[in-house]
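Overview (structure and organization)
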Amino acid sequence: MKFAIQVLEGPYTHQASDSAYSFVKAALDKGHEIVRIFFYHDGVINVTDKADPPQDDRNIYNQWAELGKEKKIDIVACIAASKRRGIVDSNIVEGTRISGLGQLTDMAIEADRLVTFG
Amino acid sequence: MNEQETTEQNDENIKKIMFLMRKAPHGSIYSYEGLETVLIVAAYDQDVTMAFIGDGVFALVKDQDTDDIGIKGFIKTYPVLEQYEIEKVYVDRQSMTERGLTVDDFAIDVIVKDSDEIATLIEDQHAVISY
């Protein structure tokens, strides 16, 4: 099945990022396709490369970067939401990109299921 | 091939996309940025439905004045939905009445539906995007 993922909350404060990540990993393990992961609202903060969380905890930013780089998942932060929150092309983790709400529209059209976290 | 069949063929690339508006208009940005998404998806000529449920129904209350909370406010944007040909704007009856509202309180025309009718609408969609 083709899944599209929308994440609406920033990392750590809410469980949305962790749940979305776990869902994506499980879906890939089961052989499903992830059309795209789209970050909106505070969700765009998930792709900042300026964070440095404690080493004994999960690094949510790097988890997304690995999904983007190694699994070649298309990971997009909304440009309008990013601009509100100081997320720009020069401060996002590798394997992610910033683009418009058209990317959300396209994945809603293409996917069999759109799952929102947050 | 008659005209109706032609139209149906052309409609194959149009998906039914429903927005569930769940949150109050102020206190979080969900409702505001959610509305921005609705307008983008509508610009892609998709078959858009909106349903306001829970505190989401407050987003439609007319004559909102946000001056005292120092934010822009976006109730004036809602009439634009008509220009985007978004006519399927539903309000959950129970959510509305629980909050002491009637259709006369809203800034735009809406269709009031019972929760089970909204559930049926959700089942009928290709994608449901909730904010």
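You'll find the structure just up there.
First, a word on what this report is: a plain description of the structure on this page. (Residues numbered from 1 in each chain as written. Chains lettered and ligands numbered in written order. Predicted model: local features only at pLDDT ≥ 70, side-chain atom pairs only at ≥ 80, totals over all residues. Heavy atoms only, no water.)

1. Brief notes about the overall build of chain A
- Looking only at helices and strands, chain A features four helices and five strands.
- Helices and strands appear in chain A in the N-to-C order β-α-β-α-β-α-β-α-β.
- The C-alpha atoms of chain A give a radius of gyration of 13 Å, which matches the 13 Å a tight globule of 118 residues would have.
- Per-residue burial for chain A yields a buried fraction of 54% across its 118 residues.
- Considering only contacts in chain A between residues 6 or more positions apart, those separated by 24 or more positions represent 75%.
- Surface exposure of chain A reaches about 5,400 Å², of which carbon and sulfur atoms provide 44%. (Helix = DSSP H or I, 4+ residues; strand = E, 2+ residues; numbered from the N terminus. Rg over C-alpha atoms; globule rule 2.2 N^0.38 Å. Buried < 20%, exposed > 50% of the residue type's maximum accessible area, 1.4 Å probe, protein only. Contact = heavy atoms within 4.5 Å. Areas by Shrake-Rupley, 256 points an atom, 1.4 Å probe, with all protein chains shown as cover.)

2. What about the packing of aromatic side chains?
- Applying the stated criterion across every chain yields a total of eleven aromatic pairs over all chains.
- For the ring pair Phe3(A) and Phe23(A), a centre distance of 5.2 Å and an interplane angle of 90 degrees mean the geometry is edge-to-face. On the criterion of sequence distance, the pair formed by Phe3(A) in strand β1 (residues 2–7) and Phe23(A) in helix α1 (residues 16–29) is long-range, its members being 20 residues apart.
- Classification of Phe3(A) by relative accessible area gives buried; the value is 11%.
- Given the relative accessible area of 26%, Phe23(A) is considered partly exposed.
- Each residue in the set Phe38(A), Tyr40(A), Phe19(B) and Tyr131(B) is aromatic and connected to the rest through ring pairs, giving one cluster.
- Over the ring of Tyr30(B) we find Lys23(B), and its NZ or CZ is 4.4 Å from the ring centre. (Phe/Tyr/Trp six-rings, centres within 6.5 Å; stacked < 30°, edge-to-face > 60°. Lys NZ or Arg CZ within 6 Å of the ring centre and 35° of its normal.)

3. Description of the packing of α1(A) against helix α2 (residues 60–70) of chain A
All names here are of chain A.
- Between α1 and α2, the shortest axis-to-axis distance is 11 Å and the interhelical angle comes to 30 degrees. Relative to α2, the element α1 is oriented roughly parallel. Relative to α2, the crossing made by α1 is left-handed. Contacts between α1 and α2 involve Ser17, Asp18, Ala20, Tyr21, Val24, Lys25 and Leu28 from the former and Ile60, Gln63, Trp64 and Leu67 from the latter.
- Of the residues contributing to the contact of α1 with α2, the split by class is seven nonpolar, two polar and two charged. (Axes fitted to C-alpha atoms, helices over the stretch in contact; angles between N-to-C directions. Parallel < 35°, antiparallel > 145°, perpendicular 65-115°, else oblique. Left-handed = near helix turned anticlockwise from the far one by under 90°. Nonpolar A, V, L, I, M, F, W, Y, C, P; charged D, E, K, R; others polar.)

Coordinates in, geometry out; function isn't part of it.
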